[in-house]
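In case you want the letters, here they are:
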Amino acid sequence: MILALLAKFMTDGGTNGRDGSDRKLISLTILGTGDAFASGGRAQAGYLIEAPGKRILLEAGPSVLTEMKRHGIAADSLDAVIISHLHGDHFGGLPFLFLEYMWERPRKHPVIIAGPRNLEQRTWILMRTMFSRFNLEKIQKKIKWVVLEPKTTLKIAGMKVSTIRSPHTKPDVSLSLKLVLDGKTMVFSGDTGWNEHLVAFSEGADLMLCECTYYESDHLRFHMNYPELKHHRARFNVGRMILTHIGRETMNHSSDIEIEMAFDGMKLDF
């Protein structure tokens, strides 16, 4: 009997889901939780998702390569990079990843980079502006671009990715993302003002990362503010909600915040 139980533990890795199933835990390392102003000295957006045999980077802020190296994460170990929208604090780190692939850690296999329309064009413009004399032909062959449109579901690096549009940028598209991997679901609000569709979109998620840039500036409708989010919190049927993309106002009211707040370097399983 004891040997049988031990064999079962070794088979499932002792990582059963909270529902008693044999779903394995997904690990998340939060590399950056700051807004575009790096308020409070926080690094800008970056979230590393790890499952058996998979490493996926969600967002690539300007400091993402620095933070990856700080945590001992090799850039060439990424299977995919997913970008929510075309603001520099969310995709401005891609040229540094490309530089790493060109000189320090050449990729053996292509990496998938997925995001809203125009991400590929904007990234190459940024790369050529920052490193104008480099021959990019070799690295171009190691990138597989995927366009994410709102209200679609795609399979990326073995992960199901669903999208809705967030009210953040126009005419550029900004996305909220639902990621399903190994039976676990994570929802990422991306940058967004209050969006009624986000409530249904996040239904049943094990983890939700929700932006919370403002506290007092409720007239600015392209980012979430904490009082509004708190008012609606009970409507979100998610296992755990963590606030990120923290702005100066939210930091100044940290003693009033009753929802869990992320911090740079935070690690968790779900």
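Here's what I pulled together on the structure shown here. This is a predicted model, so every value here is computed, not measured.

1. Looking at the sheet that holds strand E8 (residues 159–165)
Phase 1: Strand order in the open sheet formed by six strands is E7-E8-E9-E10-E11-E12, and the pairing between neighbours is mixed. Each edge of the sheet is formed by a strand with only one pairing partner; in this case those strands are strand E7 (153–156) and strand E12 (241–244). In this sheet, adjacent strand axes meet at a mean angle of 20° when their direction is disregarded.
Phase 2: Across four bridges, E7 lies against E8 in antiparallel orientation. When the sheet's bridge partners are listed, Thr153 is paired in E8 with Ser162.

2. Some details on the pairing of strand E5 (residues 111–115)
Phase 1: Among the five residues that make up E5, five are buried, leaving the element largely enclosed by the rest of the structure.
Phase 2: Judged by which residues are buried, E5 turns out to be covered on both faces: Val111, Ile113 and Gly115 on one side and Ile112 and Ala114 on the other are all buried.
Phase 3: When strand E4 (residues 80–82) meets E5, the two strands line up parallel, connected through three bridges. Its bridge partner lying in E5, Ile82 is registered against Ala114.
Phase 4: When E5 meets strand E6 (residues 143–147), the two strands line up parallel, connected through five bridges.

3. Regarding the packing of helix H4 (residues 94–104) against helix H5 (residues 119–130)
Phase 1: Packing of H4 against H5 brings their axes to within 9 Å, and their N-to-C directions diverge by 70°. By the angle between their axes, H4 is roughly perpendicular relative to H5. In this structure, H4 meets H5 at a crossing whose hand is right-handed. Residue-level inspection shows Leu94, Pro95, Phe96, Phe98, Leu99 and Met102 of H4 in contact with H5, the latter providing Leu119, Thr123, Trp124, Leu126, Met127 and Met130.
Phase 2: Across the contact of H4 with H5, the residue classes break down as eleven nonpolar, one polar and no charged.

4. Focus on the layout of surface pockets
Think of a ball as big as a water molecule: rolled over the atoms, this probe shows where empty space is left.
Phase 1: The space that makes up the largest pocket amounts to roughly 180 Å³.
Phase 2: Contributing to the lining of the largest pocket are Asp35, Ala36, Phe37, Ser39, Thr213, Tyr214, His223, His245, Gly247, Arg248 and Glu249.

5. Describing H5
Phase 1: Counted at 1.5 Å a residue, the expected span for H5 with its twelve residues is 16 Å, and the 16 Å between its end C-alpha atoms agrees.
Phase 2: Residues of H5 that are buried sit in contact with helix H3 (88–91), H4, E5, helix H6 (137–140) and E6.

6. Thoughts on the packing of aromatic side chains
How two aromatic rings sit relative to each other is given by the distance of their centres and the angle of their planes.
Phase 1: Summed over the entire model, instances satisfying the criterion amount to ten aromatic pairs.
Phase 2: Geometrically, the ring pair formed by Phe98 and Trp145 is edge-to-face, given 6.4 Å between the ring centres and 80° between the ring planes. Of this pair, Phe98 sits in helix H4 while Trp145 sits in strand E6, and the two are 47 residues apart along the sequence. Here the two residues Phe98 and Trp145 agree in accessibility, since each one is buried.
Phase 3: A centroid spacing of 6.0 Å and a plane angle of 70° characterise the contact between Trp103 and Phe134, whose relative ring orientation is edge-to-face. Placement of Trp103 in helix H4 and of Phe134 in the loop between H5 and H6 is noted, with a sequence separation of 31 residues between them.
Phase 4: Given a relative accessible area of 57%, Trp103 falls into the exposed group.

Definitions and limits used
Residues numbered from 1 in each chain as written. Predicted model: local features only at pLDDT ≥ 70, side-chain atom pairs only at ≥ 80, totals over all residues. Heavy atoms only, no water. Pairing = 2+ DSSP bridges. Helix = DSSP H or I, 4+ residues; strand = E, 2+ residues; numbered from the N terminus. Axes fitted to C-alpha atoms, helices over the stretch in contact; angles between N-to-C directions. Buried < 20%, exposed > 50% of the residue type's maximum accessible area, 1.4 Å probe, protein only. Parallel < 35°, antiparallel > 145°, perpendicular 65-115°, else oblique. Left-handed = near helix turned anticlockwise from the far one by under 90°. Contact = heavy atoms within 4.5 Å. Nonpolar A, V, L, I, M, F, W, Y, C, P; charged D, E, K, R; others polar. 1 Å grid on protein atoms, 1.4 Å probe; cavity = no way out; pocket = protein on both sides within 12 Å on 5 of 7 lines; lining within 4 Å. Points joined across faces, edges and corners; volume = space filled by probe spheres on them. Expected span 1.5 Å × (residues − 1). Phe/Tyr/Trp six-rings, centres within 6.5 Å; stacked < 30°, edge-to-face > 60°.

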